[in-house]
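Tertiary structure, described
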Amino acid sequence: MSEQDRHQQRQQKVKEKVDEKVAAANIEKGIFQVITGNGKGKSTSGFGVVTRCVGHGQNAAVAQFIKGMWDCGERNLLEKVGVPFAVMKTGFTWETQNRETDTAAAEETWQQAKKWLADDSIDLVLLDELTYMVSYDYLDLDEVISAIENRPKMQSVIVTGRGAHRRLTELADTVSEVRNVKHAFESGVKALKGFDY
Ligand code: ATP
Ligand code: MG
């Protein structure tokens, strides 16, 4: 048998296995994904899916639970194409460190997110940096879990942020952990507009 024949035979086997798995995946439902870990790329990944969704003419909505110090490039673009945003009014929580106003701001943003999680005209809800609201106890985890669990059947949800609570990762269909190998900031490089935010 020639090398080419052997290659073709191996590829045929791979194809059969993939086809089998594709045929077995026949559940149609919205997906709940958690993107966590200490590496860079969690929010950008979430926004990538928002772009994908909008690019197919579907509806996405974004709640940002930690307002950046800088304006957010994705928000500037996506608002222009009609994607609604709910942004927490206070700055980085580790800067403000005011439990009362932070909790109120988190709650206000969550109330809007909750409306989207009950609206079947929204195909995708991105809950950016929500994990911290749970860790700091700014939001009630039971309420968050219940809103995600009871969302419309075909709606997808993405939660991003470090240290995702176990109940969130257990409920999720897809969990990705972004690992930090190195980050430019560690060698003194400033956060760059158009790249980091
Ligand atoms: P991005 O928004 O770039 O996808 P992220 O969502 O994974 O990043 P966050 O923890 O939300 O990460 O941090 C947001 C900001 O912090 C970004 O400007 C990002 O470049 C920076 N950052 C992310 N990971 C690290 C890291 N390991 N060390 C230093 N800075 C980081
Ligand atoms: Mg982020």
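Residues numbered from 1 in each chain as written. Chains lettered and ligands numbered in written order. Predicted model: local features only at pLDDT ≥ 70, side-chain atom pairs only at ≥ 80, totals over all residues. Heavy atoms only, no water.

**Notes on the packing of helix α5 (residues 99-116) against helix α7 (residues 141-149)**
Stated precisely, the cut-off is as follows: Here, axes are lines fitted to C-alpha atoms. For helices the fit covers the stretch in contact, and angles between N-to-C directions go from 0 to 180 degrees. Going along the chain from the N terminus, every DSSP run of H or I of four or more residues is numbered as a helix, and every run of E of two or more is numbered as a strand. In this scheme, roughly parallel covers angles under 35 degrees and roughly antiparallel covers those over 145, while 65 to 115 is roughly perpendicular and the rest are oblique. In this scheme the handedness of a crossing depends on how the near helix is turned from the far one: anticlockwise by less than a right angle means left-handed, clockwise means right-handed. Contacts are residue-level and defined by heavy atoms, with any inter-residue pair within 4.5 Å sufficient. Put simply, Ala, Val, Leu, Ile, Met, Phe, Trp, Tyr, Cys and Pro go in the nonpolar bin, Asp, Glu, Lys and Arg in the charged bin, and everything else, Gly too, in the polar bin.
Between α5 and α7, the shortest axis-to-axis distance is 10 Å and the interhelical angle comes to 20°. Of the possible angle classes, the one that applies to α5 and α7 is roughly parallel. Seen from above, α5 lies across α7 with left-handed handedness. For the pair formed by α5 and α7, the contact residues are Trp110, Gln111 and Lys114 on the first element and Glu143, Val144 and Ala147 on the second. Broken down by class, the residue content of the contact of α5 with α7 amounts to three nonpolar, one polar and two charged.

**Structural notes on the packing of aromatic side chains**
Using the following cut-off: Working definition: a ring pair exists when centres of Phe, Tyr or Trp rings (six-membered ring for Trp) sit within 6.5 Å. Plane angles under 30 degrees give stacked, over 60 give edge-to-face, the rest tilted. Buried means the residue's accessible area, taken with a 1.4 Å probe over protein chains only, is under 20% of the maximum for its type, while exposed means over 50%, and partly exposed covers the values in between.
A complete count under the given rule lists two aromatic pairs for this structure. For the ring pair Phe47 and Phe85, a centre distance of 6.3 Å and an interplane angle of 15° mean the geometry is stacked. In this pair, Phe47 sits in helix α2 (residues 42-55) while Phe85 sits in strand β3 (residues 85-87), placing the two residues 38 residues apart along the sequence. Phe85 shares its class with Phe47; the two are buried.

**Notes on the coordination of the magnesium ion (ligand 2)**
For a metal bound by four donors in a tetrahedral arrangement, the ideal donor-metal-donor angle is 109.5 degrees, while six donors in an octahedral arrangement ideally sit at 90 or 180 degrees. Inclusion rule: For Na, K and Ca the donor cutoff is 3.2 Å, while for all other metals N, O and S atoms must lie within 2.8 Å; water is not among the atoms, so some sites may look incomplete.
Around the magnesium ion (ligand 2), the protein supplies Ser43 (OG) and Glu129 (OE) as donor atoms, at distances of 2.1 Å. Of this pair, Ser43 sits in helix α2 while Glu129 sits in the loop between β4 (124-128) and α6 (130-135), and the two are 86 residues apart along the sequence. Taking the relative accessible area as the measure of exposure, Glu129 reaches 16% and is therefore buried.

**A few points about the site of ligand 1**
Note the threshold: Near, as used in this document, describes a residue that has one of its heavy atoms within 4 Å of the molecule or strand being considered. Polar contact criterion, stated in full: a pair of N or O atoms within 3.5 Å, where within protein one must be able to donate a hydrogen and the other to accept it, and residues adjacent in sequence count only if both atoms are side-chain atoms. Accessible areas in this description were obtained via Shrake-Rupley with a 1.4 Å probe; residue shielding takes into account the shown protein chains only.
In the vicinity of ligand 1 there are 14 residues, among which Lys40, Gly41, Lys42, Thr44 and Asp196 approach most closely. At a separation of 2.8 Å, an oxygen atom of ligand 1 approaches a polar side-chain atom of Asp196. About the coverage of ligand 1: the protein hides 80% of its 570 Å² of free accessible area. A total of three residues in the shell around ligand 1 trace back to one element, the largest contributor, which is α2. Here the shell around ligand 1 is built from residues that sort into two nonpolar, seven polar and five charged.

**Some points on the pairing of β4**
So the rule is basically this: Any two strands with at least two DSSP bridges between them are considered paired.
Counting buried positions over the five residues of β4 gives five, a clear majority of the element. Residues of β4 alternate between two faces, with Leu124, Leu126 and Asp128 on one and Val125 and Leu127 on the opposite face, all of them buried. Looking at chain direction, strand β2 (residues 60-64) and β4 are connected through five bridges and run parallel. Bridged to Ala60 within β4 is Leu124. In this sheet, strand β5 (residues 156-160) lies alongside β4 in parallel orientation, the contact comprising four bridges. Each bridged residue has a counterpart across the sheet, and for Leu127 the counterpart in β5 is Val159.

**Describing the sheet that holds β5**
The six strands lie next to each other as β3-β2-β4-β5-β1-β6, forming an open sheet whose pairing is parallel. The open sheet has two free edges, formed respectively by β3 and β6 (174-177), since each of these has just one partner strand. Within this sheet the neighbouring strands show an average axis-to-axis angle of 10°, counted without direction. In the packing of helix α3 (residues 73-80) onto the sheet, the strands contacted are β2 and β3, and the crossing angle to β3 comes to about 145°.

**Thoughts on the nonpolar core**
Quick note on the threshold: Put simply, buried Ala, Val, Leu, Ile, Met, Phe, Trp, Tyr and Cys residues joined by side-chain atoms within 4.5 Å make one nonpolar core.
The biggest cluster of nonpolar side chains holds 33 residues, and the ones touching the most others in it are Phe65, Trp110, Leu127, Leu130, Met133 and Leu168. Elements with a contribution of two residues or more to this core: β1 (32-36), β2, α5, β4, α6, α7 and β5. Excluding its chain neighbours within four sequence positions, the residues that come into contact with Leu168 are Phe32, Val34, Leu130, Val134, Leu141, Val144, Ile145 and Ile148.

**A short note on the pairing of β5**
With five of five residues buried, β5 is to be regarded as a mostly interior element. A two-sided burial pattern is seen for β5, the buried positions comprising Ser156, Ile158 and Thr160 on one face and Val157 and Val159 on the other. Here β1 pairs with β5 via four bridges, running parallel. Of the residues in β5, the one forming a bridge with Val34 is Val159.

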